[in-house]
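# Structure assessment
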Amino acid sequence: MKRKVTKAIFPVAGLGTRFLPATKSVPKEIMTLVDRPLVQYAIDEARAAGIKEFIFVTAKGKSALEDYFDTAPELESSLKKSGKTDLLETLRSTYMDSGAIAYIRQHKALGLGHAVWCARRFIGNEPFAVMLPDDVIAAEKPCLQQMVEAYEETGGSMVAAMEVPRDKVSYYGVLDVKEDHGKHVSVSGMVEKPKAEDAPSNLAVIGRYILSPKVMSNLGKIKQGANGEVQLTDAIAAEIEQGRDVFGYRFDGTRFDCGSKAGFLQATVSFGLSRDDLRDELADYLDQLYAHRRAAQ
Ligand code: UTP
């Protein structure tokens with residue numbers, strides 16, 4: 001019988017250089033999309049998928065992220081006194097059960113693969129999810145939940161995948177597709193950040209994974225790859241070489257790359273427009289902005 005996926009690793013130890021100077025003191029993962037930090041979106045998505053244990057791989061300078069999950073008794077009593085029950089609800093929804101959240105340090109930013117490997121003792125011999133909070137996915141059914149349901153059919157390891165323009169493949173890990181089953185594809189190889197002309201397809205991996213515990217052992221053995229970092233992609237590709245199944249999953253939803261400035265701004269506008277309390281004001285403002293722009297052309 002397949003084991004249920006109940007553990008997720010959140011690698012948040014990166015330097016976040018694309019958001020300097022903000023990331024000098026603010027971890028990228030608690031930057032806010034409308035009014036919630038990126039990490040809250042990831043936690044909510046993980047919970048919806050049945051995740052019970054949340055393992056954060058953090059680094060120096062990320063203590064604000066750890067504090068975010070603490071209870072806030074003073075704030076609570078102030079909201080209670082003033083009868084702000086909605087806000088009280090919102091506040092309480094950020095709390096984590098005792099013992100459900102763990103933090104481990106990555107002492108040096110040696111890459112995503114290395115960050116995941118740092119959490120190996122929490123994983124043991126179980127399948128696990130990896131979620132990158134700077135990939136935010138707007139979807140009716142949360143992306144990881146879609147993947148868990150598909151994984152219950154396929155087993156193996158599974159990565160979230162989406163088609164990207166050919167000239168953008170060099171930003172991603174790219175799948176070599178063996179068989180295309182529509183929603184999911186079986187994979188015969190994976191390449192990290194290939195040149196457009198060398199890419200086996202334009203099906204790119206984004207920040208959601210369900211991995212077999214064997215990937216963890218592979219991570220312990222592989223050397224630094226593209227960009228001098230230990231690449232998670234290489235450890236997953238090793239799974240295929242060792243004869244185990246790896247699948248790409250074409251999720252339903254829109255992915256925003258909130259690790260980049262343009263992606264973050266797009267997500268802000270899109271999430272703002274999806275909110276009942278903000279839609280009209282924001283849409284009016286955007287209309288005005290466009291009207292000015294057109295008039296100036
Ligand atoms: P990114 O490639 O976005 O790197 O990492 P980054 O350091 O966060 O940002 P930039 O490129 O300098 O702006 C993808 C994910 O992997 C984690 C990051 O925290 C992010 O969630 N990561 C990356 C680690 O945890 N450790 C690393 O050594 C590298």
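Residues numbered from 1 in each chain as written. Predicted model: local features only at pLDDT ≥ 70, side-chain atom pairs only at ≥ 80, totals over all residues. Heavy atoms only, no water.

### Topic: the overall build of the protein chain
- Across its full length, the protein chain holds 11 helices and 13 strands.
- By the compact-globule yardstick of 19 Å for 297 residues, the protein chain fits well, its C-alpha radius of gyration being 20 Å.
- Projected onto its principal axes, the C-alpha positions of the protein chain cover 60 × 55 × 35 Å.
- The burial tally for the protein chain puts 47% of its 297 residues in the buried class.
- Partitioning the contacts of the protein chain with sequence separation of at least 6, the portion at a separation of at least 24 is 74%.
- Summing over all exposed atoms, the protein chain offers an accessible surface of approximately 15500 Å²; the carbon and sulfur share of this is 51%.
- The averaged location of the 41 negative side-chain charges in the protein chain is 5 Å from the averaged location of its 39 positive side-chain charges. (Helix = DSSP H or I, 4+ residues; strand = E, 2+ residues; numbered from the N terminus. Rg over C-alpha atoms; globule rule 2.2 N^0.38 Å. Buried < 20%, exposed > 50% of the residue type's maximum accessible area, 1.4 Å probe, protein only. Contact = heavy atoms within 4.5 Å. Areas by Shrake-Rupley, 256 points an atom, 1.4 Å probe, with all protein chains shown as cover. Lys, Arg positive; Asp, Glu negative; His and termini not counted. Charge placed at Lys NZ, Arg CZ, Asp CG, Glu CD.)

### Structural notes on the nonpolar core
- Judged by nonpolar contacts, the single largest core of 41 residues is most densely connected at Phe-10, Phe-54, Phe-56 and Leu-144.
- At the level of secondary structure, the elements contributing two or more residues to this core comprise β1 (7–11), α1 (38–48), β4 (53–58), β6 (128–131), α7 (143–154), β8 (157–163), β11 (203–211) and β12 (246–250).
- The contact partners of Phe-10, leaving out residues within four places of it in the chain, are Ala-42, Ile-43, Ala-46, Phe-54, Ile-55, Phe-56, Val-57, Met-131 and Pro-133.
- Within the second largest apolar cluster, 33 residues are counted, among which are Ile-55, Ala-115, Cys-118 and Ala-235. (Core = buried A, V, L, I, M, F, W, Y, C linked by side-chain atoms within 4.5 Å.)

### Things to note about the layout of surface pockets
- Estimates place the volume of the largest pocket at around 1300 Å³.
- Looking at the largest pocket, it is lined by 46 residues, and the ones nearest its centre are Arg-18, Lys-28, Leu-132, Asp-134 and Lys-193.
- Among the secondary structure elements, those contributing two or more residues to the lining of the largest pocket are α5 (112–117), β11, α9 (232–241), β13 (254–257) and α10 (261–273).
- Among the elements that make up the lining of the largest pocket, the one with the highest residue count is β11 (four residues).
- The class makeup of the residues in the lining of the largest pocket is 21 nonpolar, 14 polar and 11 charged. (1 Å grid on protein atoms, 1.4 Å probe; cavity = no way out; pocket = protein on both sides within 12 Å on 5 of 7 lines; lining within 4 Å. Points joined across faces, edges and corners; volume = space filled by probe spheres on them. Nonpolar A, V, L, I, M, F, W, Y, C, P; charged D, E, K, R; others polar.)

### With respect to the packing of α10 against helix α11 (residues 279–296)
- Where α10 meets α11, the axes come as close as 8 Å, and the angle between the chain directions of the two elements is 130 degrees. In this view, α10 runs oblique relative to α11, as classed from their interaxial angle. Here Val-269, Gly-272 and Leu-273 of α10 come into contact with α11, specifically with Arg-279, Leu-282, Ala-283 and Leu-286. (Axes fitted to C-alpha atoms, helices over the stretch in contact; angles between N-to-C directions. Parallel < 35°, antiparallel > 145°, perpendicular 65-115°, else oblique.)

### Here's the deal with a negative patch on the surface
- A contiguous patch of negative charge, built from Asp-280, Glu-281, Asp-284 and Asp-287, is present on the exposed surface.
- With respect to the secondary-structure elements, Glu-281 resides in helix α11. (Patch = residues over 30% accessible without salt bridge, like charges linked within 9 Å, V, L, I, M, F, W, Y side chains within 5 Å. Salt bridge = Lys/Arg side-chain N within 4 Å of Asp/Glu carboxyl O.)

### Some points on the site of the ligand
- Leu-15, Thr-17, Lys-28, Gln-106 and Gly-111 are the nearest of the 17 residues found near the ligand.
- Within the backbone of Gly-14, an N or O atom sits 2.9 Å from an oxygen atom of the ligand.
- At 2.7 Å, a side-chain N or O of Gln-106 approaches a nitrogen atom of the ligand.
- Calculation on the ligand without its partners gives an accessible area of 570 Å², and the protein chains cover 82% of this total.
- Here the residues of the shell around the ligand sort into eight nonpolar, five polar and four charged. (Near = heavy atom within 4 Å. Polar contact = N/O pair within 3.5 Å; in protein donor to acceptor, adjacent residues only side chain to side chain.)

### Structural notes on the side chain of Gln-40
- If you trace the backbone, Gln-40 turns up in helix α1.
- When its relative accessible area of 3% is taken as the criterion, Gln-40 is described as buried.
- Excluding residues within four positions of it along the chain, Gln-40 makes contact with Arg-47, Tyr-68, Ser-93 and Thr-94.

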